[in-house]
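Each chain is listed here by its residues.
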Amino acid sequence: MEEFKNDMLTEKDARYLTVKEVVCHLIECNKDIPGISEISWVFHVVDSPDINAFVLPNGQVFVFTGLLNSVTDIHQLSFLLGHEIAHAVLGHAAEKASLVHLLDFLGLIFLTMIWAICPRDSLAILGQWIQSKLQEFMFARPYSRTLEAEADEIGLLLAAKACVDVRASSVFWQQMEFADRLYDHPKLPEWLSTHPSHENRAERLDRLIPQALKIRETCNCPPLSGPDPRLQFKLSMKHFLEESEKEDLNSTVNKQKMNTLPIQKQEQIPLTYIVEKRTGS
């Protein structure tokens, strides 16, 4: 809280009011779910370009303006905020803390065994480093990715009950994947990350969307109108790539034309003529 206190948007800001409206709508439509009504939800919007949002166990929701600028509609925002609500309701922060305590305990046993076999400081330091890396990449990060996938699934269901167009959920991650490729952002292997890759999240959500649409129907939501946003995104990306190829082709042709200009004639223009032309003398 102290870290962001100077960057908080006021409660009168339109972006804050949008986040508050979306979260309140999600909570109202899912108040029958145990845990949601018991939490005192508080909203904070941080003026930061980071594409991020998180929720604390006590119900404080932090949304960064960078995330608001990255979504294309209220449906994408509703899904993402449903994802954050799911983290709080499922108690993921407590689960992570419990895992850390367990791994620390097992690590202590591991180091004690090493010390008992060979009581050397250098070996103990090496063993601690190996233990910390094994703990991080074999347990902590995979477990974090599992929790993120679980929050995606539950967040999608929360959005469906709020009559959101859940088809927009996978489009957001497709947009993020496309942006990373467009701007050549470095792409880490998924096993090195605490989150699933954008591509895998989009594919998994696409598999979950049919179930979410059925839940949406059982909640007497109005039928979805307009084309599927997933199809719209694919068509828009196809058009974008085609136009980019045309621009690249035209640029190449123009460059070739410039390269084939008669250099002999260019060199015949006297320097004095150019100077006189610029000075107007």
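Refer to the structure printed above.
Asker: Explain the overall build of the protein chain to me, using residue names and the numbers behind them.
Answerer: In terms of helices and strands, the protein chain carries 10 helices and 3 strands. N-terminal to C-terminal, the α/β element order of the protein chain is α-β-β-β-α-α-α-α-α-α-α-α-α. For the protein chain, the residues scored as buried account for 35% of the 281 residues in total. Carbon and sulfur atoms provide 60% of the accessible area of the protein chain, an area that totals close to 17900 Å².

Asker: How would you summarise a negative patch on the surface if you had to cite specific residues and measurements?
Answerer: On the surface, Glu242, Glu245, Glu247 and Asp248 cluster together to form a negatively charged patch. Tracing the chain through its elements places Glu245 in helix 8 (residues 229–259). Overall, the relative accessible area of 55% leaves Glu245 in the exposed class.

Asker: Before we move on, could you go through the sheet that holds strand 2 (residues 53–55) and cite the residues and values that matter?
Answerer: Pairing is mixed in the open sheet, where 3 strands are placed in the order 1-3-2. Across the chains shown, the open sheet's two edge strands, defined by having one partner strand only, are strand 1 (42–46) and strand 2. Adjacent strand axes in the sheet meet at a mean angle of 15° when their direction is disregarded. Along the sheet face, helix 1 (residues 14–29) touches strand 1 and strand 3 (60–64) and points at about 145° away from the line of strand 1. Those strands touched by helix 3 (residues 74–89) are strand 2 and strand 3, and its axis lies near 30° from that of strand 2.

Asker: Explain the environment of Glu199 to me, using residue names and the numbers behind them.
Answerer: Relative to the assigned elements, Glu199 resides in helix 7 (residues 198–218). By relative accessible area, Glu199 is classed as partly exposed at 33%. C-alpha separation for the pair Glu199 and Phe178, spaced 21 residues apart in sequence, amounts to 9.3 Å. When sequence neighbours within four positions are dropped, the list of residues in contact with Glu199 reads Glu177, Arg181 and Lys187.

Asker: Give me the nonpolar core: which residues, what numbers.
Answerer: Judged by nonpolar contacts, the single largest core of 42 residues is most densely connected at Trp41, Val63, Leu81, Ile85, Leu156 and Trp173. In terms of residues, this core owes the most to one element, helix 3, which gives 7 residues. Contact partners of Trp173, with chain neighbours within four places excluded, come to Phe79, Leu80, His198, Arg201, Ala202 and Leu205.

Asker: Account for the state of the cysteines, naming residues and giving values.
Answerer: According to the stated counting rule, one finds 1 disulfide in the structure shown. Across a sulfur-sulfur distance of 2.0 Å, Cys163 and Cys221 are joined as a disulfide pair. Where Cys163 bonds to Cys221 through sulfur, the torsion about that S-S bond is close to -80°, and the disulfide is left-handed. Here Cys163 is found in the loop between helix 5 (121–161) and helix 6 (168–182), whereas its partner Cys221 is found in the loop between helix 7 and helix 8, with 58 residues between them in sequence. Unpaired in this structure, Cys219 has its nearest cysteine sulfur neighbour in Cys221, at a distance of 5.3 Å. For Cys219, a relative accessible area of 28% puts it in the partly exposed group.

Asker: Which residues make up the side chain of Asp152, and what are the values?
Answerer: In this structure, Asp152 sits in helix 5. Excluding its chain neighbours within four sequence positions, the residues that come into contact with Asp152 are Phe79, His83, Arg201 and Leu205.

Asker: An account of the pairing of strand 3 is needed here, citing residue identities and associated values.
Answerer: Here strand 3 lies mainly inside the structure; 5 of its 5 residues are buried. Neither face of strand 3 is open: one carries Gln60, Phe62 and Phe64, the other Val61 and Val63, and all of them are buried. As judged from the 5 bridges shared by strand 1 and strand 3, these two strands associate in the parallel manner. Across the sheet, the residue bridging to Val45 is Val63, located in strand 3. With 3 bridges connecting them, strand 2 and strand 3 associate as antiparallel partners. Paired with Ala53 across the strands is Val63, a residue of strand 3. Counted along the chain from strand 2 to the antiparallel partner strand 3, the turn is 4 residues long, and its residue Gly59 has a positive phi close to 95°.

Asker: I'd like a description of helix 7, backed by residues and values.
Answerer: Compared with an ideal rise of 1.5 Å per residue, which puts 21 residues at 30 Å, helix 7 spans 30 Å between its outermost C-alpha atoms and is within 8% of the ideal. The principal kink in helix 7, of about 40°, is found at Leu208, preceding the proline Pro210 by one to four residues. Those residues of helix 7 that sit buried are His198, Arg201, Ala202, Leu205, Leu208, Ile209, Ala212 and Arg216. One or two steps after helix 7, the chain reaches Asn220, where phi turns positive at roughly 60°.

Asker: Lay out the packing of helix 6 against helix 7 in plain terms, naming residues and giving numbers.
Answerer: In the contact formed by helix 6 and helix 7, the axes pass within 8 Å of each other and the chain directions differ by 160°. Considering their axes alone, helix 6 and helix 7 lie roughly antiparallel with respect to each other. Helix 6 and helix 7 meet at a crossing whose hand is left-handed. Across from Ser169, Ser170, Trp173, Gln174, Met176, Glu177, Asp180 and Arg181 in helix 6, the residues of helix 7 making contact are His198, Glu199, Arg201, Ala202, Leu205, Asp206 and Ile209. Tallied by class, residues from the contact of helix 6 with helix 7 come to 5 nonpolar, 4 polar and 6 charged.

Conventions adopted
Residues numbered from 1 in each chain as written. Predicted model: local features only at pLDDT ≥ 70, side-chain atom pairs only at ≥ 80, totals over all residues. Heavy atoms only, no water. Helix = DSSP H or I, 4+ residues; strand = E, 2+ residues; numbered from the N terminus. Buried < 20%, exposed > 50% of the residue type's maximum accessible area, 1.4 Å probe, protein only. Areas by Shrake-Rupley, 256 points an atom, 1.4 Å probe, with all protein chains shown as cover. Patch = residues over 30% accessible without salt bridge, like charges linked within 9 Å, V, L, I, M, F, W, Y side chains within 5 Å. Salt bridge = Lys/Arg side-chain N within 4 Å of Asp/Glu carboxyl O. Lys, Arg positive; Asp, Glu negative; His and termini not counted. Charge placed at Lys NZ, Arg CZ, Asp CG, Glu CD. Pairing = 2+ DSSP bridges. Axes fitted to C-alpha atoms, helices over the stretch in contact; angles between N-to-C directions. Contact = heavy atoms within 4.5 Å. Core = buried A, V, L, I, M, F, W, Y, C linked by side-chain atoms within 4.5 Å. Disulfide = S-S within 2.5 Å. Expected span 1.5 Å × (residues − 1). Bend = angle between axes of the 7 residues up to and from the residue. Parallel < 35°, antiparallel > 145°, perpendicular 65-115°, else oblique. Left-handed = near helix turned anticlockwise from the far one by under 90°. Nonpolar A, V, L, I, M, F, W, Y, C, P; charged D, E, K, R; others polar.

Nothing here speaks to function; it is geometry throughout.
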